[in-house]
Amino acid sequence: MSSVIAVTGASGQVGGRVARRLADAGAAQRLLGRHPDRLPELPGAVAAPAASYDDADAMRAAVGDAGTLFLVSASEAPDRVREHFTAVDAAVAAGVGRIVYLSFLGAAPDATFTFARDHWKTEEHIRATGVRHTFLRDSFYQAALASMASADGVLQGPGGDGRVSAVAHDDIADVVTAVLLGDGHDGVTYDVTGPAAFTLAEAAEELGRAAGRPVEYVAETQDEAYASRAQYNAPDWEVAGWVTSYEAIATGEMSTVSDTVPRLTGHPAQSFAEFLERNPDSYRHLKR
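Report follows, based on the coordinates. The structure presented is a predicted model; accordingly, all values stated were derived computationally and were not measured.

Rules behind the numbers
- Residues numbered from 1 in each chain as written.
- Predicted model: local features only at pLDDT ≥ 70, side-chain atom pairs only at ≥ 80, totals over all residues.
- Heavy atoms only, no water.
- Buried < 20%, exposed > 50% of the residue type's maximum accessible area, 1.4 Å probe, protein only.
- Helix = DSSP H or I, 4+ residues; strand = E, 2+ residues; numbered from the N terminus.
- Pairing = 2+ DSSP bridges.
- Right-handed = clockwise from strand over helix to strand, strands pointing away.
- Axes fitted to C-alpha atoms, helices over the stretch in contact; angles between N-to-C directions.

1. Quick notes on the pairing of strand β6 (residues 132–138)
Most of β6 sits inside the fold, with 6 of its 7 residues counted as buried. Relative to β6, strand β5 (residues 98–104) runs parallel, the two sharing 7 bridges. By the bridge assignment, I99 is partnered in β6 with H133. Taken together, β5, helix α4 (residues 114–129) and β6 constitute a β-α-β crossover, and its handedness is right-handed. Where β6 and strand β9 (residues 189–192) come together, 4 bridges link them in parallel fashion. Residue pairing across strands places D138 opposite V192, the latter belonging to β9.

2. Focus: the sheet that holds β6
Across the sheet, which stays open at both edges, the 7 strands sit in the order β3-β2-β1-β4-β5-β6-β9 with parallel pairing between neighbours. Each end of this open sheet is capped by a strand with a single partner; those strands are β3 (45–47) and β9. The average angle at which neighbouring strand axes cross in this sheet is 20 degrees, direction not considered. The pairing of strand β2 (residues 29–31) with β3 spans 3 bridges and is classified as parallel. Pairing of L31 across the sheet is with A47, part of β3.

Pasting the structure below:
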């Protein structure tokens with residue numbers, strides 16, 4: 001099998017980090033994205049022709065001679081599963097023999113978080129192809145958690161007193177890189193989490209400490225959550241994703257804490273407090 005690694009989403013938060021780490025390790029890569037002009041210029045990396053997941057011919061051309069595909073999930077959309085299936089089938093048709101898929105913690109057919117169901121369906125499709133595979137089920141991004149607080153210092157949603165093991169982009173990228181460059185990961189599903197699970201009230205406290213101002217968590221009912229988000233005039237499927245992301249915290253589906261980061265990378269996972277200290281831009285909107 002070819003040693004070339006195809007990296008999707010290479011101009012994004014996870015794919016870009018992975019591409020840079022692979023370049024530092026001297027790996028041969030094909031960088032994939034819908035906009036090749038946004039792809040990073042890295043040693044040992046080739047910018048593939050423009051490709052979107054729903055274009056099978058473009059995906060086959062973009063994957064080229066790669067033996068391994070790192071598949072970052074597509075943007076949330078009503079037809080995202082179909083896009084994933086098309087991308088996977090195109091990669092297999094192009095000769096890819098191994099897929100490392102960035103999934104989501106708690107992926108299951110009956111997951112509370114609606115988008116986690118998309119990830120489970122994608123995992124099942126990858127399994128059905130028969131290619132070697134590894135699934136990395138990451139928890140909520142710590143950066144996303146910081147952005148969920150409004151500029152007036154309120155973090156609100158139907159999360160109850162549930163806990164979430166949010167994880168940093170850098171830690172995810174380190175795990176992905178270790179899996180792509182290492183052996184013994186075929187057929188394995190890894191939960192990729194931060195070092196601890198914490199409540200949204202505790203997250204608000206950390207945000208307030210970092211921003212130097214009070215940040216409050218307001219627990220909503222499901223009806224209140226849908227009502228407070230109606231102002232955005234977003235499609236029903238998107239609003240359902242927003243609301244159920246909090247509800248998955250309330251049910252305990254996001255509370256899993258794993259040792260994947262330290263075990264595969266050799267360093268501890270960042271805590272939410274450490275993330276905020278290293279990434280002040282993530283809560284800049286909270287500063288008065």
